[in-house]
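Here are the chains, one letter per residue:
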Amino acid sequence: MVDSTPALGFQRVQDPTPGKNRMHIDGYGADREALAERLKGLAATELGTHEATGLVWTVMQDPEGNEFCVGNPEA
């Protein structure tokens, strides 16, 4: 079993986000694609994949419409 410590980060945004989550959960793993597939099997919807320097993440949505991300560092 891999030892890991959950992290909680806060991000300030300029504008209110009406109609969107006030809290957004992100998860990370070594195999982002496999995790996204597993989540789709559990009724999540994949909304898109994005890249920024040093990170790739997939935006997902649960059956109630709440968005969350799964990501991993670029290989």
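Thresholds, definitions, all that
Residues numbered from 1 in each chain as written. Predicted model: local features only at pLDDT ≥ 70, side-chain atom pairs only at ≥ 80, totals over all residues. Heavy atoms only, no water. Helix = DSSP H or I, 4+ residues; strand = E, 2+ residues; numbered from the N terminus. Buried < 20%, exposed > 50% of the residue type's maximum accessible area, 1.4 Å probe, protein only. Contact = heavy atoms within 4.5 Å. Pairing = 2+ DSSP bridges.

**Student:** What should I look at first to understand the overall build of the protein chain in this one?
**Tutor:** Helices and strands together make up the secondary structure of the protein chain, namely one helix and four strands. Along the protein chain, helices and strands appear, N-terminal first, in the series β-α-β-β-β. Within the span of the protein chain, comprising 75 residues, buried residues form 19% of the whole. Within the protein chain, counting contacts between residues at least 6 apart in sequence, those at least 24 apart form 35% of the total.

**Student:** Honestly, the pairing of strand β3 (residues 55-61) in this entry has me stumped. Any pointers?
**Tutor:** In regular strands, side chains alternate between the two faces of the sheet. For strand β2 (residues 45-52) and β3, the ladder comprises seven bridges, and the chain directions are antiparallel. Across the sheet, threonine 45 pairs through a bridge with glutamine 61, a residue of β3. Counted along the chain from β2 to the antiparallel partner β3, the turn is two residues long, and its residue glycine 54 has a positive phi close to 85°. For β3 and strand β4 (residues 67-73), the ladder comprises seven bridges, and the chain directions are antiparallel.

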